[in-house]
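The chain contents come next:
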Amino acid sequence: MLVLKNLSKSYGQVSAVRDINVEISKGEFFCLLGPSGCGKTTILRMIAGFEKVTAGRILLDGNEITNDPPNRRDVNTVFQNYALFPNFNVTENIAYGLKIKKVPKAEQVERIESVIRLVGLGGFEKRMPANLSGGQQQRVALARALINQPRVLLLDEPLSALDKKIAEQTRNELSELQKKVGITFIFVTHNQTEALAMADRIAVMKDGVIEQCDPPKEIYERPLTRFVADFIGSMNFFEGIISGVDENGYTVNIPDLGPVTLSKKGSLPLGARVIYCMRPERQRISLMGPATYENGFTGIIRRKDYLGEITKFTVELSNGKIITVVAQNYLLQLSNEFYDIGEQIFVTWSKTSGEVIHAR
């Protein structure tokens, strides 16, 4: 439905976005994820028509809109600060786009009532923006965008101004709303949790390019680059060399620690320099090495952080490398295992838990 072909944007000698190629389907919840300054908002603004394209093309339903003005594109934007008119009440803010388009009064009333029910703003029609909570203001901004029935809705970090609990509630509502209306959403965020929870696909960006574009589970479990592995969640990294290859996977030799195995099909040759990756929650700690385990090192607990549902252990391995291991507190309580700072422990994991990426 929406196609970005070789899309680039430069400001003088500075390249903000470089050669972006993406196809976004009708009804897809697509997320642009990355740190500040990576180019994600610039892409959103080019789609909206607020930024001129330096090179490349934008197509909507097969029609080129690269140089069309914003009001000629069938897209609407929900801004980070919501951009509500402070002197208009809820109904007046929502109706603004319909009045500009000179939609008949009767149709305006019908569409306003419908969208207010959709976003759950019944009873707030006469409220002024200053008398609304952050979450309610965001719903008004959504309603104002949705009432124009755009082909694509662009959302520029709309949850960033909300506190954690309200943001989580609004995130769930936004996801359900997108399924109801069936409009293509393009959502910009630097928050990995928002992206993983809502998106059908995530494009992870760094320095103006897309590092990986895949469904959330693929992004989290099979990152293609060290940046993606590190940006999405937490990760322990070990530099090593492929020392064995067979039908079951690879053996990776970690200098000063020893070999680890992983069950992964691929085409890495013997002697290849790689980065072995391990999620902290996929490792286990114990005071005595289990009778059977596929991979493991010994270490000493240097820090212990209780975080409610989990405890995060900072562990120093025998070669001095620092890693983190996460344990569910209810499992620690069930096993009656409690670990103190300074204790020597075993860190173990299965060969299906690791990932390996090319060293760069």
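**Student:** Break down the environment of N63 for me, citing the residues and quoting the values.
**Tutor:** Looking at the secondary structure, you find N63 in strand β5 (residues 63–64). Separated by 60 residues in sequence, N63 and V3 have C-alpha atoms that sit 9.7 Å apart.

**Student:** Summarise the pairing of strand β11 (residues 236–246); cite the residues concerned and give the values.
**Tutor:** The sheet contact formed by β11 and strand β14 (residues 273–278) spans six bridges and is antiparallel. Along β14, the bridge assignment pairs E239 with I275. Where β11 and strand β12 (residues 249–254) come together, five bridges link them in antiparallel fashion. Bridging from a neighbouring strand, D246 pairs with G249 of β12. Adjacent in sequence and paired antiparallel, β11 and β12 are bridged by two residues.

**Student:** Please set out a nonpolar patch on the surface residue by residue, giving values where relevant.
**Tutor:** On the surface, Y330, L331 and L334 cluster together to form a nonpolar patch covering roughly 350 Å² of accessible area. Examined against the element boundaries, Y330 turns out to sit in helix α9 (residues 329–335).

**Student:** So what about helix α3 (residues 105–119)? Which residues, and what values?
**Tutor:** With 15 residues, α3 should cover 21 Å at 1.5 Å per step; its first-to-last C-alpha distance of 21 Å lies within 8% of that length. The set of residues buried in α3 consists of Q108, R111, I112, V115, I116 and V119. Mapping the buried residues of α3 onto a view down its axis gives an arc of 135°, with all of them on the same face. Structural note: α3 exposes A106, E110 and R117 on the side pointing more than 90 degrees away from its buried face. Buried residues along α3 sit in contact with α2 (90–100), α4 (134–146) and α5 (164–181). After α3 finishes, the residue G120 shows a positive phi value of roughly 70°.

**Student:** Report on the sheet that holds β5, specifying residues and quantitative values.
**Tutor:** A sheet is described by the order of its strands in space; here four strands give the open sequence β2-β1-β4-β5, paired in antiparallel fashion. In this open sheet, the two edge strands, each paired with only one partner strand, are β2 (14–24) and β5. Examined bridge by bridge, strand β1 (residues 2–11) and strand β4 (residues 55–60) share five bridges and lie antiparallel to one another. When the sheet's bridge partners are listed, K5 is paired in β4 with R57. On the sheet, helix α1 (residues 40–48) packs against β1, β2 and β4 and is oriented at approximately 115° with respect to β1.

**Student:** Explain the pattern of salt bridges to me, and be specific about the residues and the numbers.
**Tutor:** Applying the stated criterion to the full structure yields twelve salt bridges. With a shortest N-O distance of 3.0 Å, E64 and R57 are connected by a salt bridge. You can call R57 partly exposed: its relative accessible area is 35%. Residue R303 pairs with D305 through a salt bridge whose shortest N-O separation is 2.9 Å. R303 gets classed as partly exposed once you look at its relative accessible area, which sits at 47%. Assessed through its relative accessible area of 17%, D305 is described here as buried. Each of E218, E221, R222 and R282 takes part in a single network of salt bridges with overlapping partners.

Procedures and definitions
Per chain, residue numbering runs from 1 following the sequence as it is written. Where local features are concerned, this predicted model is filtered to residues with pLDDT of at least 70; where side-chain atom pairs are given and counted, the filter is 80 or more; whole-chain, interface and lining totals use all residues. Neither water nor hydrogens contribute to the side-chain values; these are computed over all heavy atoms in the structure. Per the convention used, a helix needs a DSSP run of H or I reaching at least four residues, while a strand needs a run of E reaching at least two, with both numbered from the N terminus. Strands are labelled as partners when DSSP assigns at least two bridges between them. Residues enter patches when they are more than 30% accessible in relative terms and free of salt bridges; like-charged ones are connected within 9 Å and nonpolar ones (Val, Leu, Ile, Met, Phe, Trp, Tyr) within 5 Å. Surface accessibility in these figures is a Shrake-Rupley result with a 1.4 Å probe; residues are shielded only by whichever protein chains are displayed. Basic side-chain nitrogens of Lys or Arg form a salt bridge, by our definition, when they fall within 4 Å of a carboxyl oxygen of Asp or Glu. In this analysis, the expected span of each helix is defined as 1.5 Å times one less than the number of residues it contains. Between buried and exposed lies partly exposed: a residue is buried under 20% and exposed over 50% of the maximum accessible area for its type, with that area taken using a 1.4 Å probe on protein chains only. The arc in question is the one spanned by the directions pointing from the helix axis to the C-beta atoms. Throughout, a residue-residue contact means that at least one pair of heavy atoms, one from each residue, lies within 4.5 Å. Angles shown run from 0 to 180 degrees and are taken between the N-to-C directions of axes, each axis being a line fitted to C-alpha atoms and, for helices, limited to the stretch in contact.

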